[in-house]
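Descriptive analysis of the structure
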Amino acid sequence: MDKEREYLSILKDMNRKAYAPYSNFKVSALLVTKSGKIYTGINVENASYGGTVCAERVAIFKAVSEGDMEFEKIYIYSTDKDGNHKITPPCGFCRQVMVEFSKDMKIILVAENETIETDIETLQPFLFDETYLK
Ligand code: THU
(Lines give C-alpha, C1' and ligand atoms only; values in the text may rest on other atoms or scores of the structure.)
Protein backbone atom coordinates (compact mmCIF):
# COMPACT_ATOMS: atom_id res chain seq x y z
CA MET A 1 0.00 0.00 0.00
CA ASP A 2 1.41 3.42 -0.86
CA LYS A 3 1.81 6.01 1.90
CA GLU A 4 -1.15 8.15 0.83
CA ARG A 5 -3.54 5.18 0.86
CA GLU A 6 -2.18 4.04 4.19
CA TYR A 7 -2.74 7.52 5.69
CA LEU A 8 -6.32 7.61 4.39
CA SER A 9 -7.05 4.18 5.75
CA ILE A 10 -5.73 5.15 9.23
CA LEU A 11 -7.66 8.45 9.09
CA LYS A 12 -10.94 6.65 8.33
CA ASP A 13 -10.39 3.91 10.93
CA MET A 14 -9.54 6.49 13.58
CA ASN A 15 -12.80 8.33 12.92
CA ARG A 16 -14.70 5.68 14.89
CA LYS A 17 -12.71 6.57 17.99
CA ALA A 18 -13.93 10.19 18.04
CA TYR A 19 -15.49 11.07 21.39
CA ALA A 20 -18.46 13.12 20.23
CA PRO A 21 -21.52 12.16 22.32
CA TYR A 22 -22.95 15.73 22.18
CA SER A 23 -22.66 16.73 18.53
CA ASN A 24 -22.43 13.25 17.02
CA PHE A 25 -20.05 14.87 14.55
CA LYS A 26 -16.95 12.69 14.50
CA VAL A 27 -13.70 14.15 13.25
CA SER A 28 -10.33 12.53 12.75
CA ALA A 29 -7.07 14.13 11.73
CA LEU A 30 -3.76 12.68 10.63
CA LEU A 31 -0.71 14.91 10.86
CA VAL A 32 2.50 14.15 8.95
CA THR A 33 5.57 15.94 10.29
CA LYS A 34 8.61 16.93 8.26
CA SER A 35 10.52 14.30 10.24
CA GLY A 36 8.28 11.70 8.56
CA LYS A 37 6.28 10.71 11.63
CA ILE A 38 2.50 10.60 11.86
CA TYR A 39 0.28 11.72 14.73
CA THR A 40 -3.44 11.05 14.80
CA GLY A 41 -6.20 12.93 16.60
CA ILE A 42 -9.94 12.73 17.16
CA ASN A 43 -12.30 15.32 18.60
CA VAL A 44 -12.75 14.98 22.35
CA GLU A 45 -15.98 16.58 23.55
CA ASN A 46 -17.00 17.50 27.08
CA ALA A 47 -20.28 17.96 28.98
CA SER A 48 -19.03 21.50 29.55
CA TYR A 49 -19.01 22.16 25.81
CA GLY A 50 -16.17 24.69 25.91
CA GLY A 51 -13.85 21.95 27.11
CA THR A 52 -14.05 20.26 23.71
CA VAL A 53 -10.85 19.97 21.67
CA CYS A 54 -10.91 19.43 17.89
CA ALA A 55 -9.24 16.47 16.20
CA GLU A 56 -6.67 18.71 14.48
CA ARG A 57 -5.43 20.21 17.73
CA VAL A 58 -5.27 16.82 19.44
CA ALA A 59 -2.97 15.58 16.64
CA ILE A 60 -0.91 18.78 16.64
CA PHE A 61 -0.50 18.85 20.42
CA LYS A 62 0.54 15.20 20.43
CA ALA A 63 3.29 16.06 17.94
CA VAL A 64 4.41 19.21 19.76
CA SER A 65 4.53 17.34 23.07
CA GLU A 66 6.97 14.92 21.42
CA GLY A 67 9.13 17.85 20.27
CA ASP A 68 7.99 17.41 16.65
CA MET A 69 6.97 20.92 15.53
CA GLU A 70 7.46 21.11 11.78
CA PHE A 71 4.49 19.88 9.87
CA GLU A 72 4.27 18.76 6.27
CA LYS A 73 0.53 18.13 6.00
CA ILE A 74 -2.64 17.33 7.86
CA TYR A 75 -5.60 15.24 6.64
CA ILE A 76 -9.06 15.94 8.06
CA TYR A 77 -12.09 13.62 7.80
CA SER A 78 -15.53 13.70 9.39
CA THR A 79 -18.71 11.69 9.84
CA ASP A 80 -21.90 13.61 10.60
CA LYS A 81 -24.82 12.38 12.71
CA ASP A 82 -26.37 10.72 9.63
CA GLY A 83 -23.15 8.92 8.74
CA ASN A 84 -22.24 11.24 5.84
CA HIS A 85 -18.71 12.38 5.09
CA LYS A 86 -18.53 15.99 3.97
CA ILE A 87 -15.56 18.26 3.38
CA THR A 88 -14.71 19.73 6.81
CA PRO A 89 -12.50 22.81 6.93
CA PRO A 90 -10.64 23.38 10.22
CA CYS A 91 -12.14 25.83 12.71
CA GLY A 92 -10.53 29.19 13.47
CA PHE A 93 -8.79 27.98 16.63
CA CYS A 94 -7.18 25.10 14.74
CA ARG A 95 -6.07 27.40 11.91
CA GLN A 96 -4.40 29.68 14.42
CA VAL A 97 -2.63 26.73 16.04
CA MET A 98 -1.40 25.56 12.61
CA VAL A 99 -0.06 29.07 11.91
CA GLU A 100 1.99 28.89 15.08
CA PHE A 101 4.00 25.93 13.88
CA SER A 102 3.99 25.53 10.10
CA LYS A 103 2.68 28.21 7.78
CA ASP A 104 3.71 26.15 4.76
CA MET A 105 1.83 22.97 5.65
CA LYS A 106 -0.73 21.42 3.31
CA ILE A 107 -4.27 20.97 4.60
CA ILE A 108 -6.08 18.07 2.97
CA LEU A 109 -9.84 17.83 3.42
CA VAL A 110 -11.11 14.35 2.72
CA ALA A 111 -14.77 13.52 1.96
CA GLU A 112 -16.52 10.53 0.42
CA ASN A 113 -15.75 11.16 -3.25
CA GLU A 114 -13.81 14.38 -3.03
CA THR A 115 -10.52 15.66 -1.66
CA ILE A 116 -9.58 19.33 -1.41
CA GLU A 117 -5.99 20.32 -0.85
CA THR A 118 -5.55 23.80 0.55
CA ASP A 119 -3.12 25.76 2.74
CA ILE A 120 -2.85 28.30 5.54
CA GLU A 121 -2.39 31.22 3.15
CA THR A 122 -5.80 30.46 1.67
CA LEU A 123 -7.61 29.65 4.92
CA GLN A 124 -6.00 32.23 7.19
CA PRO A 125 -4.99 35.36 5.28
CA PHE A 126 -3.87 38.46 7.22
CA LEU A 127 -2.94 36.30 10.16
CA PHE A 128 -1.78 37.09 13.67
CA ASP A 129 1.53 35.53 14.59
CA GLU A 130 4.59 35.97 16.79
CA THR A 131 5.94 38.87 14.67
CA TYR A 132 3.35 41.18 16.28
CA LEU A 133 4.76 40.45 19.72
CA LYS A 134 8.26 41.69 18.96
N1 THU B 1 -14.55 19.69 15.10
C2 THU B 1 -13.31 19.19 14.87
O3 THU B 1 -12.83 18.30 15.60
N4 THU B 1 -12.62 19.68 13.81
C5 THU B 1 -13.12 20.54 12.89
O6 THU B 1 -12.43 20.87 11.93
C7 THU B 1 -14.47 21.07 13.04
C8 THU B 1 -15.15 20.75 14.31
C9 THU B 1 -15.35 19.10 16.19
C10 THU B 1 -15.55 19.94 17.41
C11 THU B 1 -16.83 19.35 17.97
O12 THU B 1 -16.50 18.20 18.73
C13 THU B 1 -17.60 18.88 16.74
O14 THU B 1 -16.64 18.81 15.70
C15 THU B 1 -18.74 19.79 16.34
O16 THU B 1 -18.32 21.10 16.22
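All values reported here derive from a predicted model rather than from experimental measurement.

1. Some details on the site of the ligand
Around the ligand there are 13 residues in total, and Asn43, Glu45, Cys54, Ala55 and Glu56 lie nearest to it. In the environment of the ligand, an oxygen atom lies 2.5 Å from a nitrogen or oxygen atom belonging to the side chain of Glu45. In the model, an oxygen atom of the ligand is placed 3.0 Å from a nitrogen or oxygen of the Ala55 main chain. Split into classes, the residues belonging to the shell around the ligand amount to seven nonpolar, four polar and two charged.

2. Some details on the nonpolar core
Of all hydrophobic cores here, the largest spans 21 residues; its most connected members are Leu31, Ile60, Ile74, Met98, Met105, Ile107 and Ile120. Of all the elements in the fold, those that place two or more residues in this core are strand S1 (26-33), helix H2 (55-65), strand S3 (71-79), helix H3 (92-101), strand S4 (106-110) and helix H4 (120-123). Contacts of Ile107, omitting those with residues within four sequence positions, involve Ile74, Ile76, Pro90, Met98, Ile116, Glu117, Thr118, Asp119, Ile120 and Leu123.

3. Topic: the pattern of salt bridges
Counted under the stated rule, the structure contains six salt bridges. For Lys34, the salt bridge identified is with Asp104, shortest N-O distance 2.8 Å. Here the residue Lys34 occupies a position in the loop between S1 and strand S2 (38-42), and Asp104 occupies one in the loop between H3 and S4, the gap between them amounting to 70 residues. Between Lys86 and Asp80 there is a salt bridge; the shortest N-O distance is 3.0 Å. For Asp80, a relative accessible area of 12% corresponds to the buried category.

4. Some points on the pairing of S1
Within S1, seven of the eight residues are buried, which leaves the element mostly enclosed by the surrounding structure. Note that S1 and S2 share five bridges and pair antiparallel. Counted as the bridge partner of Leu31 is Tyr39 from S2. From the end of S1 to the start of S2, which pair antiparallel, there are four residues, and Gly36 there has a positive phi angle of about 95 degrees.

5. Here's the deal with helix H1 (residues 3-14)
In this model H1 runs 16 Å from its N-terminal to its C-terminal C-alpha over 12 residues, within 8% of the 16 Å that 1.5 Å per residue would give. Those residues of H1 not exposed but buried are Tyr7, Leu11 and Met14. Summarising the axial view, the buried residues of H1 lie within an arc of 70 degrees, below the 170-degree limit, and thus occupy one face. The inward-facing, buried residues of H1 abut S1, S2, S3 and S4.

Parameters and conventions
- Residues numbered from 1 in each chain as written.
- Predicted model: local features only at pLDDT ≥ 70, side-chain atom pairs only at ≥ 80, totals over all residues.
- Heavy atoms only, no water.
- Near = heavy atom within 4 Å.
- Polar contact = N/O pair within 3.5 Å; in protein donor to acceptor, adjacent residues only side chain to side chain.
- Nonpolar A, V, L, I, M, F, W, Y, C, P; charged D, E, K, R; others polar.
- Core = buried A, V, L, I, M, F, W, Y, C linked by side-chain atoms within 4.5 Å.
- Buried < 20%, exposed > 50% of the residue type's maximum accessible area, 1.4 Å probe, protein only.
- Helix = DSSP H or I, 4+ residues; strand = E, 2+ residues; numbered from the N terminus.
- Contact = heavy atoms within 4.5 Å.
- Salt bridge = Lys/Arg side-chain N within 4 Å of Asp/Glu carboxyl O.
- Pairing = 2+ DSSP bridges.
- Expected span 1.5 Å × (residues − 1).
- Arc of directions from axis to C-beta.

That is the geometry; function is a separate question.
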